[in-house]
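For reference, the chains in residue letters:
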Amino acid sequence: MPQIIIDGQRIEAAAGKTIIEAALDNGINIPHFCWHPSLSVAGNCRMCLVNVGSIRRAADGSIEHDADGNVMVNYMPKMQIGCATPVADGMVVDTQSHKTESAQNAVMEFLLINHPLDCPICDEAGQCKLQEYSFEHSKGKSRFDEQKVHKPKRVELGPQIMFDGERCISCSRCIRFADEIAKQPAITFVQRGDKVTIENFPGTTFDSPYSMNVIDICPVGALTSKDFRFKTRVWEMSFNDSICTGCSRGCNTKVGVRDNTIMRIEPRTNMHVNEYWMCDHGRLTQYDFVNENRVSEPMIRNSAGQLVKADWNDAYAAAAELLRGVKHQEIMVIGSSKSSNEDNYLLAKFAKSVLKTNNIDFVRHFNEEFGDSFLRTRDMSPNAHGAMESGIAHHAQHGTSIDHLADKISQGFIKALYVMDEDIALIPKIASVLDKVQVLIVHTHNATATAEKAHVVFASSTYAESEGTYTNVTKRVQHFTPAIVTKENERYMGMKMSRWDKFGAFNDRWTQGERRNSRMSWRIVQGVANAMNAQWQYKDSESVFEEMTHHVDGFKGMSYELLDEYGGMIMGRIGTPESKGVVYESHYFKPQVS
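Now for a look at the structure at hand.

Attention shifts here to the overall build of the protein chain. A tally of helices and strands in the protein chain yields 17 helices and 24 strands. In terms of overall dimensions, the protein chain has a C-alpha envelope of 95 × 55 × 50 Å along the principal axes. For the protein chain, with 594 residues in total, the buried portion stands at 56%. Taking the contacts inside the protein chain whose residues are at least 6 apart along the sequence as the reference set, 66% of them involve residues at least 24 apart. Accessible surface computed for the protein chain: about 26,400 Å², of which carbon and sulfur atoms make up 50%.

What follows covers the side chain of Arg294. With respect to the helices and strands, Arg294 occurs in the loop between α7 (288–291) and β15 (299–301). A polar contact is formed between the side chain of Arg294 and the backbone oxygen of Val290, at a distance of 2.9 Å. Polar side-chain contacts of Arg294 include one of 3.0 Å to the side chain of Glu465. Aside from chain neighbours lying at most four places away, what touches Arg294 is Phe289, His445, Asn446, Ser460, Ser461, Thr462, Glu465, Arg516 and Ser518.

Throughout the structure, instances matching the rule amount to 15 aromatic pairs. Between Phe545 and Tyr560, the ring centres sit 5.2 Å apart and the planes meet at 35°, which makes this aromatic pair tilted. Taken together, the residues Phe545 in helix α16 (residues 541–551) and Tyr560 in helix α17 (residues 560–566) connect sequence positions 15 residues apart. According to the relative accessible area criterion, Phe545 is buried, its value standing at 2%. Connected via pairs of aromatic rings, a cluster forms that spans Trp35, Phe177, Tyr276, Trp277 and Tyr584. A cation over an aromatic ring shows up here: Arg378 above the ring of Phe366, its NZ or CZ 4.6 Å from the ring centre.

Another aspect to go through is the pattern of salt bridges. Considering all chains together, one arrives at 29 salt bridges under this definition. For Arg167, the salt bridge is made with Asp118, and the minimal N-O distance between the two is 3.0 Å. Here Asp118 lies in the loop between α2 (98–112) and α3 (129–136) and Arg167 lies in the loop between β8 (161–163) and α4 (173–180), a separation of 49 residues in the sequence. For the pair formed by Arg167 and Asp118, the shared burial category is buried. Bridged by salt links that share partners, the residues Asp118, Lys153, Asp164, Glu166 and Arg167 form one connected network.

Let us look at the nonpolar core. Formed by 82 residues in total, the largest nonpolar core has its most connected members in Phe33, Phe177, Phe206, Leu223 and Ile262. Core analysis: the next-biggest nonpolar cluster, separate from the first, contains 52 residues, Ile300, Met420, Ile524 and Leu563 among them.

With respect to topology, 3 strands assemble into an open sheet ordered β22-β23-β24, the strand pairing being antiparallel. On the outer flanks of this sheet lie β22 (468–471) and β24 (569–570), each paired with one strand and no other. Pairing geometry for β22 and strand β23 (residues 476–480), over 4 bridges, is antiparallel. Counted as the bridge partner of Thr471 is Val477 from β23. Each of β22 and β23 touches helix α9 (residues 341–354); the most contacted strand, β22, lies at about 90° to it.

Right, let's talk about the pairing of strand β6 (residues 91–94) for a bit. The side-chain alternation of β6 yields two buried faces, one formed by Met91 and Val93 and the other by Val92 and Asp94. Of the strand pairs in this sheet, strand β1 (residues 3–6) and β6 are connected by 2 bridges, and their pairing is parallel. Across the sheet, residue Ile6 finds its bridge partner in β6, namely Val93.

We now examine the state of the cysteines. Enumeration over the complete set of coordinates arrives at 0 disulfides. Considering cysteine sulfurs only, Cys251 is the nearest to Cys244, which forms no disulfide, with 5.8 Å between them. Under the relative-accessibility criterion, Cys244 is labelled buried at 10%. Overall, the relative accessible area of 7% leaves Cys251 in the buried class.

Calculation notes
Residues numbered from 1 in each chain as written. Predicted model: local features only at pLDDT ≥ 70, side-chain atom pairs only at ≥ 80, totals over all residues. Heavy atoms only, no water. Helix = DSSP H or I, 4+ residues; strand = E, 2+ residues; numbered from the N terminus. Buried < 20%, exposed > 50% of the residue type's maximum accessible area, 1.4 Å probe, protein only. Contact = heavy atoms within 4.5 Å. Areas by Shrake-Rupley, 256 points an atom, 1.4 Å probe, with all protein chains shown as cover. Polar contact = N/O pair within 3.5 Å; in protein donor to acceptor, adjacent residues only side chain to side chain. Phe/Tyr/Trp six-rings, centres within 6.5 Å; stacked < 30°, edge-to-face > 60°. Lys NZ or Arg CZ within 6 Å of the ring centre and 35° of its normal. Salt bridge = Lys/Arg side-chain N within 4 Å of Asp/Glu carboxyl O. Core = buried A, V, L, I, M, F, W, Y, C linked by side-chain atoms within 4.5 Å. Pairing = 2+ DSSP bridges. Axes fitted to C-alpha atoms, helices over the stretch in contact; angles between N-to-C directions. Disulfide = S-S within 2.5 Å.

Such coordinate-based values are descriptive only and should not be taken to indicate function.
Okay, here's the thing in structure tokens:
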């Protein structure tokens with residue numbers, strides 16, 4: 001394995017790696033704009049210019065030293081770009097000398113010549129690589145006194161992307177992503193020199209299911225999201241780690257929150273799951289149901305047939321009383337592939353040990369047209385594998401399945417339904433007989449058709465308000481944490497909120513977001529179970545997961561700490577976890593909360 005020296009530090013690098021890759025693997029950052037570890041090398045920004053040479057040796061092969069005893073190096077006459085120069089044994093790389101600094105200053109001055117001063121209105125401000133390098137690698141002044149070149153602004157490159165030609169620094173990241181990752185080569189450079197800009201090929205539009213990734217990798221504010229455009233500034237938000245619930249891939253995400261409202265969702269690097277990417281569907285569809293149409297309090301149907309808000313303990317007692325009035329074999333428990341492993345595990349335990357029913361199942365959500373050969377899967381729920389492993393699965397030998405539920409209700413065999421985080425009224429056959437059910441108890445985030453018919457409604461927290469684990473399509477168990485504050489998690493969330501949300505006054509317009517009185521579904525199940533004399537005492541999601549690791553084979557040996565350390569762990573392979581590896585972060589100045 002080649003050994004090289006970078007800024008006096010001797011490191012080993014795999015053969016074939018470039019200087020910038022070897023540096024990244026060893027925690028050394030070389031400034032760059034156009035390079036990205038998943039894209040081909042373009043080498044057109046020149047920001048990664050470094051001094052490259054080799055140790056000077058005498059005729060007899062001995063190392064030569066100068067008068068001060070320092071090792072002498074023969075540097076190449078011209079500087080080399082770190083993104084395209086492969087390492088070689090004995091190579092010496094200097095990234096901090098005056099010569100390197102002068103080159104970086106010159107590149108920055110050149111890039112800023114025609115760049116507009118849009119920072120006060122630019123969505124990228126606060127996480128902009130150009131801002132970052134202007135601060136770290138620039139003189140802070142320009143010798144350019146002429147008129148800046150003006151280019152097209154507010155250009156639609158696709159249904160989700162707006163392009164600003166004046167901000168573009170021609171790094172070509174978006175062009176290479178469209179060609180190499182999205183497999184839709186719809187973008188290209190046109191013109192030359194200082195008039196160069198980006199356009200769609202005639203008659204095309206960049207409408208790939210993954211198009212919005214170019215917004216993340218754009219090092220400046222040239223590509224912005226139509227969905228997020230001008231909504232808020234990056235420093236006004238908190239960014240917390242989460243998992244996308246749009247399909248069973250389980251892409252790792254960061255959830256941007258302001259005013260206790262999700263403003264945007266973006267990918268988080270996990271080389272074992274989604275690498276650096278996520279699909280547009282995951283970005284655009286997984287936060288509206290968190291922000292809007294929520295059930296914020298538990299409710300009980302009164303004697304007048306109306307659902308009215310209730311205290312949690314009263315709701316638990318009402319549910320317990322209703323369930324006691326029905327025979328065990330007449331109760332059907334429906335879990336959810338959208339709920340966490342912890343939620344489903346405790347629901348299965350409740351069904352088997354408290355309700356003593358074998359009628360357990362969950363709704364599958366498949367869409368054959370949605371899946372592709374990259375990230376998207378046909379299973380439109382995040383935790384179908386986890387639900388089954390946690391005990392929410394119909395056994396053919398006994399019990400009622402979702403497929404036969406409507407018939408069993410019609411025949412009078414099922415008289416009570418306990419439904420967790422599923423709108424079963426969306427299934428026409430079940431919706432047609434739902435009025436025949438004597439007892440309907442529902443956990444729900446949103447106002448749904450099922451909740452409208454329920455006798456007791458529990459306000460359950462969404463993934464963005466909960467802590468737990470999901471098991472994805474490859475059976476990788478991944479830990480997620482809350483990003484939204486509820487009355488249940490308020491103390492825990494104190495250090496995870498943005499400064500604006502944390503320190504804003506009561507009359508500030510950005511502190512008016514609702515703090516809902518919702519609870520995680522496992523905690524709701526525990527409340528109902530204890531109202532039926534179960535005496536469970538789980539303190540948090542981690543205590544539920546710890547019990548799972550002792551009773552469910554696939555989870556044995558796991559812990560939240562290990563899941564975070566390895567970026568998730570595959571069920572049954574706890575002895576050979578995969579290393580998280582080096583995590584590439586394109587932007588450094590973005591506020592991070594963890």
